[in-house]
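# A structural walkthrough
Here is what each chain is made of, one letter per residue.
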Amino acid sequence: MRKYIPLILLIHILLAPNFVFGQQSKIDSFFTETPFLIKGSYQLGKVLPTNDFIRGDNLGKQIIEDYTSFSVLLLRQTTGAKLWEQLFGYPAYGIGFYTAFFDETTALGNPISVYGYFSGPFVRFHKLSFNYDLGLGLAFNWNDFNPVNNPDNISIGADRSVHMEAGVNLEYQLARRFSLSVGYGFNHFSNGKLKLPNMGLNTEAAKFSLVYQLNNPTFSFIKNEVPKFEKHNEWDFSFYAGAENVIYNGDDIDIQAKYKGLFFPVYGVINTFNRCIGYKSKIGAGFTAGYNGALNAQIAVENGELEEVDLPFGTHITLSVYPSYELVINRLSVFVQPGFYVYRKKTEESTTAFYQRLGVKYHFYKDYFLGVSLRATQFHVSNYIEWNIGRRINW
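Presented here is a report on the structure given in the accompanying data block.

What counts, and at which threshold
Residues numbered from 1 in each chain as written. Predicted model: local features only at pLDDT ≥ 70, side-chain atom pairs only at ≥ 80, totals over all residues. Heavy atoms only, no water. Helix = DSSP H or I, 4+ residues; strand = E, 2+ residues; numbered from the N terminus. Buried < 20%, exposed > 50% of the residue type's maximum accessible area, 1.4 Å probe, protein only. Contact = heavy atoms within 4.5 Å. Lys, Arg positive; Asp, Glu negative; His and termini not counted. Charge placed at Lys NZ, Arg CZ, Asp CG, Glu CD. 1 Å grid on protein atoms, 1.4 Å probe; cavity = no way out; pocket = protein on both sides within 12 Å on 5 of 7 lines; lining within 4 Å. Points joined across faces, edges and corners; volume = space filled by probe spheres on them. Nonpolar A, V, L, I, M, F, W, Y, C, P; charged D, E, K, R; others polar. Pairing = 2+ DSSP bridges. Axes fitted to C-alpha atoms, helices over the stretch in contact; angles between N-to-C directions.

A few words now on the overall build of the protein. In terms of helices and strands, the protein carries four helices and 18 strands. In terms of its C-alpha atoms, the protein occupies a principal-axis envelope of roughly 70 × 55 × 40 Å. Among the 395 residues that make up the protein, the fraction classed as buried is 46%. Here the analysis covers contacts within the protein between residues at least 6 apart in sequence; of these, 62% occur between residues at least 24 apart. Across the protein, 35 positive and 34 negative side-chain charges occur, with their mean positions spaced 14 Å apart.

Right under this line is the structure:
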């Protein structure tokens, strides 16, 4: 056990923030009874041809097809000590590190991602399980778009991006501490239109993983009687803020300034009325009142610099309605809200009235939560990222 002390301290900081360091006996008990896993994965797959750069419109005139990736994860295996762990089939969660290599080009770089990870079983047998994987984090080290040095890379407009992962796998326990899994993984990279161009990057791959259990290989899952859920209603009220980048269309300015463009504020209020129908699900509907400075924005050149053209405040106002579904995982929630604009000033550049909102939120104190969400159109074109803070009211 002593050789794991540095790793145990890291696990403690990342996954057990409510621990009291001074209570040594409780720390020893926690790390003796709670299983922790190391998971290493290798992916071999394809880049999906979702834009011209990927399809061969680049300096090398090469179709970007193949990639490989590696990831290492530190996971906490739940045992059912809390009700939500049993409800989700005893999942594992933790933090991961990911890197990818694109065979046909160096224009994309070699992204390095730090991300949160959650994996649970669809079905579990004695030594075999069929699982799903979800991941969300930030990726760095891209060779981003540059109008001079990297003008063809319309996939990734900034050197940082969001990284989203989803997949399925079949896992088999080889020995007391080792498991092997084979599956399929999908990855999406985008900066949420924080910097244009941003067509995004999508990959799919076969995924091979080896899992090693660090401690307590003989643990057993706890199964208790599930209390009856009392259905109830709630109101989620939140404020969101973000930014959207707009590139200047003219040629009467330096090319670097042209593609840097201007950043416009995005903010508003969100109201969602939910019916809590079970421990894991909420359904509801809501409305949003927002301000989007990039909507119908106009840019002019003044003394060699880009300047925003002042327009009436109402030019940037939007009102929308949406149905909502929320998946509840303890204090964390994942929500999907397909929305419809019922009011906004439309122009030829306007997106469709139907948009999609996908996000996560975490209740950090009682009924108060923080969250982040992506608003998109056509299911793959990012509009902007929303950072949220709000409160839940039950009745």
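Right, let's get into empty space enclosed by the protein. Going through the model one piece at a time under the given rule, you end up with two cavities of 30 Å³ or more. There is about 120 Å³ of room inside the largest cavity. Around the largest cavity sit 14 residues that line it, and Ser238, Phe335, Arg357, Lys361 and Phe369 are the ones nearest its centre. Within the residue set of the lining of the largest cavity, elements represented by two or more residues are strand S9 (232-246), strand S10 (262-276), strand S15 (332-343), strand S16 (354-365) and strand S17 (368-377). In the lining of the largest cavity, the residues fall into four nonpolar, six polar and four charged.

Right, let's get into the sheet that holds strand S18 (residues 381-394). Strand pairing in a sheet takes place through backbone hydrogen bonds and is either antiparallel or parallel in direction. Spatial strand order, S9-S10-S11-S14-S15-S16-S17-S18: eight strands in a closed barrel with antiparallel pairing. The average undirected angle you get between the axes of adjacent strands in this sheet is 25°. Strand direction decides the pairing type here: strand S11 (residues 281-292) and strand S14 (residues 317-329), joined by eleven bridges, are antiparallel. Opposite Tyr291, over in S14, you have Ile317 as the bridge partner.

Working note: non-glycine residues mostly have negative phi, and peptide bonds are mostly trans. The step from Leu196 to Pro197 runs through a cis peptide bond, and the omega angle for that step is -5°. The topology assignment puts Pro197 in the loop between strand S7 (178-190) and strand S8 (201-213). A positive phi angle is found at Asn216, which is not glycine, with a value near 50°. You can see Asn216 is positioned in the loop between S8 and S9.

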